[in-house]
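# Coordinate inspection notes
Letter by letter, the chains look like this.
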Amino acid sequence: MKHILMIGTGGTIASRQTEDGLAPGLTPEDILAYIPAVKDVCHVDTIQVCSLDSTNVTPAHWKLMVKAVEENYEKYDGFVICHGTDTLAYTAAALSYMIQNSAKPVVITGAQKPINMDVTDAKTNLLDSFIYAADDESQNVNIVFDGKVIVGTRAKKERAKSYNAFSSINFPYPAVIQDGMLVRYIPEVPCQGSVRFYYDMKESVCVLKLIPGMKPEILPWLFAHYDCIVIESFGVGGIPQTLVHAFYEEMEKWKEKGKFVVMTTQVANEGSNMTVYEVGRKVKQDFQMIEAYDMTLEAVITKLMWLMAMPHTDSRKLRKEFYTTINHDILFTRREE
């Protein structure tokens, strides 16, 4: 029987009702007591690295989770992290870059309702996570939620209250858990070599979500205060005419000073392609713009944080590494990338 470490971080799954609303208050041992059937699946030990509403999770907390996995990696066959749902997709993506080539599974789960409620999705999600973590073929970072396995770089929370809160974006579910049985749709390719752990994440990244009529004055401030700007554009990607002049001025000013701009789309599915329309093609050609293609916003942001923290990162190296697939994060890129 596999030996799994459960790592508590707080979240709804661990919350209790207070005068001011739900707040984390249950320990990992408290949570585990609600799924006695786990004893038939695997042996479980528990630790707690923080107790937060996931709205308050930062890269510093990702490092605590990575440290917990690395320090216990040789002792356990897999790991289950209990996490709040609001930033769970960001954490799953971040850990996909911070824990690479892991032959042992790192499973992230949570719930839309606390585990101590009579009606809750928490018990099923947590038990399913142990089922997946205890399977011989499981590896790398994945989410288990609502009976679905979602690759760590492909999740997005699309529903605020429903139990099927998460979707897999531009990538199929590799497996599902039905009535306690794991059904795989996509076989895992076994990891080769040793697991790699990373801790440095550069947080100087912001997202500019374009809206009709946005004033160009925002661009100089963003370029001055951040090293990387992710532009969430309309459709397949482009710069509105009202912003083009200011954008060109700022790109010319900052492109030789280690600033990066990445183009993505506000549309959840099917990704960007800046070459389709004039509003995108010219700016992509003029500045060799990096674009996200089929990546999720969560993966784009956390991958950039990871890449920008690398020593001696220049634009050419960052561009190459950005288009290198890690944990299925990017599938479509044009040949010239």
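Refer to the preceding data block for the structure.
Quantities reported herein were computed from a predicted structural model and do not represent experimental measurements.

## What to know about the overall build of the protein
Across its full length, the protein carries nine helices and 18 strands. In terms of overall size, the protein behaves like a compact globule, its C-alpha atoms giving a radius of gyration of 21 Å where 337 residues would be expected to give roughly 20 Å. Each of the three principal axes of the protein carries a C-alpha extent, and together these read 60 × 50 × 35 Å. Residues classed as buried in the protein amount to 54% of the 337 residues present. Taking all contacts inside the protein whose residues are at least 6 apart in sequence as the whole, residues at least 24 apart take part in 71%. Each charge class in the protein can be summarised by its mean position, and for the 34 positive and 42 negative side chains these summaries are 5 Å apart.

## Here we look at a nonpolar patch on the surface
On the surface, Val-276, Tyr-277 and Val-279 cluster together into a nonpolar patch covering about 300 Å² of accessible area. Among the structural elements, Val-276 can be located in the loop between β17 (260-265) and α7 (278-287). Judged by relative accessible area, which is 43%, Val-276 ranks as partly exposed.

## A look at helix α3 (residues 88-98)
The element α3 is largely enclosed, with a buried count of 10 among its 11 residues. Where α3 is concerned, the buried positions are Leu-88, Ala-89, Thr-91, Ala-92, Ala-93, Ala-94, Leu-95, Ser-96, Tyr-97 and Met-98.

## Remarks on the sheet that holds strand β15 (residues 205-209)
Read from one edge to the other, the open sheet built from four strands follows the order β15-β16-β17-β18, with strand pairing classed as parallel. Because the sheet does not close on itself, it has two edges, and the strands there are β15 and β18 (290-291). Taken together, the five bridges between β15 and strand β16 (residues 228-233) define a ladder with parallel strand orientation. When the sheet's bridge partners are listed, Leu-208 is paired in β16 with Ile-231.

## Details of the nonpolar core
Ranked by size, the top nonpolar core spans 57 residues in total, and within it Trp-62, Leu-95, Leu-304 and Phe-322 carry the most contacts. Among the elements that line this core, the one with the most residues is helix α8 (residues 297-308), at nine residues. Leave out the neighbours within four places in its chain, and Leu-304 touches Val-205, Cys-228, Val-230, Val-262, Leu-318 and Phe-322. Of all hydrophobic cores here, the second largest spans 27 residues; its members include Leu-26, Leu-32, Val-80 and Ala-175.

## A closer look at the state of the cysteines
All chains considered together, the criterion is met by zero disulfides. Cysteine Cys-50 remains unbridged, with the sulfur of Cys-82 as its closest cysteine sulfur at 11 Å. Take Cys-50: its relative accessible area is 11%, and that puts it in the buried class. The thiol of Cys-206 is not disulfide-bonded; the next cysteine sulfur, from Cys-228, is found 7.7 Å away. Residue class for Cys-206 comes out buried when judged on its relative accessible area of 8%.

## With respect to the sheet that holds strand β8 (residues 140-145)
Hydrogen bonding along the main chain pairs the strands of a sheet, whether they run parallel or antiparallel. Read across the sheet, eight strands follow the order β4-β1-β5-β7-β8-β9-β12-β13 without closing on themselves; strand pairing throughout is mixed. Edge positions in the sheet fall to β4 (43-52) and β13 (181-184), since each has one partner strand and no second. If you compare each strand with its neighbour and ignore which way they point, the axes differ by 25° on average. Bridge analysis of strand β9 (residues 148-151) against strand β12 (residues 175-178) gives two bridges, and the strand direction is antiparallel. Residue pairing across strands places Val-149 opposite Ala-175, the latter belonging to β12. The sheet strands contacting helix α4 (residues 122-133) are β1 (3-10), β4, β5 (78-82), β7 (105-109), β8, β9, β12 and β13, and the helix crosses β7 at an angle near 170°.

Definitions and cut-offs
Residues numbered from 1 in each chain as written. Predicted model: local features only at pLDDT ≥ 70, side-chain atom pairs only at ≥ 80, totals over all residues. Heavy atoms only, no water. Helix = DSSP H or I, 4+ residues; strand = E, 2+ residues; numbered from the N terminus. Rg over C-alpha atoms; globule rule 2.2 N^0.38 Å. Buried < 20%, exposed > 50% of the residue type's maximum accessible area, 1.4 Å probe, protein only. Contact = heavy atoms within 4.5 Å. Lys, Arg positive; Asp, Glu negative; His and termini not counted. Charge placed at Lys NZ, Arg CZ, Asp CG, Glu CD. Patch = residues over 30% accessible without salt bridge, like charges linked within 9 Å, V, L, I, M, F, W, Y side chains within 5 Å. Areas by Shrake-Rupley, 256 points an atom, 1.4 Å probe, with all protein chains shown as cover. Salt bridge = Lys/Arg side-chain N within 4 Å of Asp/Glu carboxyl O. Pairing = 2+ DSSP bridges. Core = buried A, V, L, I, M, F, W, Y, C linked by side-chain atoms within 4.5 Å. Disulfide = S-S within 2.5 Å. Axes fitted to C-alpha atoms, helices over the stretch in contact; angles between N-to-C directions.

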